Amino acid sequence: MAIMIDGKLVSAQLRQELKEQTSAFIAQTGVTPGLAVILVGDDPASAVYVRNKHRACEEVGMYSAVHKLPAETSESELLALIDKLNADDAIHGILVQLPLPKHISEERVVLAIDPSKDVDAFHPSNVGKIMLGNYRFLPCTPAGVMALLRHYEIEVEGKHCVVVGRSNIVGKPQALLLLEKNGTVTVCHSRTKNLADITRQADVLVAAVGRPRFITADMVKDGAVVIDVGINRLPDGKLCGDVDFAAVEEKAAAITPVPGGVGPMTITMLLQNTLRAAEK
Ligand code: NDP
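In this convention, every chain numbers its residues from 1, walking through the sequence in written order. Selection of residues for local features in this predicted model requires a pLDDT of at least 70, selection of side-chain atom pairs for listing and counting requires 80 or more, and totals for whole chains, interfaces and linings are taken over all residues. As a rule here, side-chain values cover all heavy atoms of the structure and leave hydrogens and water aside.

Caption draft 1: Molecular detail of the sheet that holds strand 3 (residues 63-69). Think of it this way: DSSP has to see at least two bridges between two strands before they count as a pair. Only DSSP runs of H or I reaching four residues or more are called helices, and only runs of E reaching two or more are called strands; each is numbered from the N terminus. Strand order in the open sheet formed by three strands is 3-2-4, and the pairing between neighbours is parallel. The sheet is open, and its two edges are formed by strand 3 and strand 4 (93-96), each paired on a single side. Here the average twist between neighbouring strands, direction ignored, is 15°. With seven bridges joining them, strand 2 (residues 34-40) and strand 3 adopt parallel strand pairing. Counterpart to Gly 34 in the pairing with strand 3 is Tyr 63. With axes taken as lines fitted to C-alpha atoms, and helix axes fitted only over the stretch in contact, angles between N-to-C directions fall between 0 and 180 degrees.

This is the structure we're talking about:
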């Protein structure tokens, strides 16, 4: 039976620490770390994410301002709001909830955010810093995975780490962070041949594919550490990950559940980035 990597528990502990650090920071500087979250349109999933981020900020004593804009907001209106927030001293972190409506360029929006307030770490300047290993912020989900590994004292050094997925927000930065910790990293994607042959070699397997129960037990080595980043909604409304949890749990040494694994860590890392931004 695998060790259950409990993201809820780790996240709660980290948020308690963040609450204490935030309160000490406010006492020392008189400045309350502030996060602005921009939501364009009425995508229900995005609305839930934004609400959770807002609540999490308040819970740790940070200031949070949510800007809800209608779906028909023009790109220039959105860019004007970002400019205003870039210049606002009460705001240390700016996050634009993705995806944006099709008529707005995500690339231009990300570029408009002041890199020192880019708490999602999506701006090319922050992405470049991650590549060079001298970063200010880490993207929240891969950072959350690394925090879980650290908490459970799972060593990456010298291990074969296989990341399935190469998106800019999860797979690629995840691979870089594992490499930084001296893992031997293989990145797989939709064009990878003989995927199962590669995943079966993984000591640490990270699944960020976006396909329910895609990683089956025959793709996992006995004793592997399995990190499931996927969040997929099934037709019955329940959430499930990219890993066939029930079967893989029998083989893995440690595994993250969905929900309750990587998911809760993402917002916690956002809070950490916001505090870091304020400290700068
Ligand atoms: P993307 O859709 O951007 O990327 C998916 C990746 O999976 C791509 O690189 C794609 O390859 C690869 N892929 C797709 N099909 C296959 C296949 N058959 N074999 C191998 N690789 C394949 O997704 P994200 O990275 O944004 O998200 C991944 C998952 O993580 C989703 O379920 C998402 O909901 C979840 N997520 C969870 C978060 C959290 O807080 N826990 C935060 C962010 C995402 P290719 O590049 O070749 O197309």
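So that's the structure; there's more coming.
Caption draft 2: Region of interest: helix 3 (residues 75-86). With twelve residues, helix 3 extends 16 Å from end C-alpha to end C-alpha; this agrees with the ideal 16 Å at 1.5 Å per step. A 1.4 Å probe rolled over the protein chains alone gives each residue an accessible area, and that area as a share of the maximum for its type sets the label: buried under 20%, exposed over 50%, partly exposed in between. Among the residues of helix 3, those classed as buried are Glu 75, Leu 78, Leu 81, Ile 82, Leu 85 and Asn 86. Projected onto a plane normal to the axis of helix 3, the buried residues spread over an arc of 140° and lie on a single side. When the buried face of helix 3 is taken as reference, the exposed residues oriented beyond 90 degrees from it are Ser 76 and Lys 84. Any two residues having at least one pair of non-hydrogen atoms within 4.5 Å are treated as being in contact. Buried positions along helix 3 lie against strand 2, strand 3, strand 4 and helix 4 (106-112). Expected helix span is taken as 1.5 Å per residue step, with the number of steps being one fewer than the number of residues. Arc definition: it is the arc formed by the directions from the helix axis to the C-beta atoms.

Caption draft 3: Representation of unusual backbone geometry in the model. Along the chain, Leu 98 connects to Pro 99 via a cis peptide bond; the corresponding omega equals 0°. Position of Pro 99 among the secondary structure elements: in the loop between strand 4 and helix 4. The linkage connecting Val 258 with the following residue, Pro 259, adopts the cis geometry, with an omega of 0°. Note on placement: Pro 259 falls in the loop between strand 11 (254-255) and helix 10 (263-279).

Caption draft 4: Representation of the nonpolar core. What is meant by a nonpolar core is a set of buried Ala, Val, Leu, Ile, Met, Phe, Trp, Tyr and Cys residues, joined one to another through side-chain atoms within 4.5 Å. Ranked by size, the top nonpolar core spans 50 residues in total, and within it Leu 149, Leu 178, Val 225 and Ile 227 carry the most contacts. When residues in this core are grouped by element, the largest group, eight residues, is from helix 10. For every domain, the bounds stem from an assignment made automatically or drawn from a database. Viewed by domain, this core spans two of them, domain 1 (30-114) and domain 2 (140-263), each represented by three or more residues. If you look at the next biggest cluster of nonpolar residues, it comprises 18 residues, including Ala 2, Leu 195, Met 219 and Val 243.

Caption draft 5: Local environment of the pattern of salt bridges. By salt bridge we mean one thing: a side-chain nitrogen of Lys or Arg within 4 Å of a carboxyl oxygen of Asp or Glu. Counted by the stated rule, this structure contains three salt bridges. In this structure, the salt-bridge partner of Arg 108 is Glu 75, at a minimum N-O distance of 2.5 Å. Of this pair, Arg 108 sits in helix 4 while Glu 75 sits in helix 3; the two residues are 33 residues apart in sequence, bridging distant segments of the chain. Looking at Glu 75, the relative accessible area reads 14%, which means it is buried.

Caption draft 6: Summary view of the sheet that holds strand 11. Taken together, the six strands give an open sheet; going across it, the order is 1-11-8-7-5-6, and neighbouring strands pair in parallel fashion. The outermost strands of the open sheet, each flanked by one partner alone, are strand 1 (3-4) and strand 6 (184-188). Each of strand 5 (160-164), strand 6 and strand 7 (204-207) is contacted by helix 7 (residues 171-180), which is oriented at about 170° to strand 5, the strand it contacts most.

Caption draft 7: The arrangement of the site of the ligand in detail. Note on terminology: near, applied to a residue and a molecule or strand, indicates that one of the residue's heavy atoms is within 4 Å of it. Around the ligand, the surrounding shell holds 22 residues, and the nearest of these are Arg 166, Ser 167, Ser 190, Ile 231 and Thr 266. Within the side chain of Ser 167, an N or O atom sits 2.5 Å from an oxygen atom of the ligand. In the model, an oxygen atom of the ligand is placed 2.5 Å from a nitrogen or oxygen of the Ser 190 side chain. Accessible areas in this description were obtained via Shrake-Rupley with a 1.4 Å probe; residue shielding takes into account the shown protein chains only. Coverage of the ligand by the protein chains reaches 71% of its 920 Å² of free accessible surface. Gly falls in the polar group here, along with every residue not listed as nonpolar (Ala, Val, Leu, Ile, Met, Phe, Trp, Tyr, Cys, Pro) or charged (Asp, Glu, Lys, Arg). For the shell around the ligand, the class distribution of residues is ten nonpolar, ten polar and two charged. Under the rule applied, a polar contact is a pair of N or O atoms within 3.5 Å (in protein, one hydrogen donor and one hydrogen acceptor; residues adjacent in sequence only if both atoms are side-chain atoms).

Caption draft 8: Examining the domain arrangement of the protein more closely. Per the domain assignment, the segments making up the protein are domain 1 (30-114) and domain 2 (140-263). Between domain 1 and domain 2, the C-alpha centre-to-centre distance is 29 Å.

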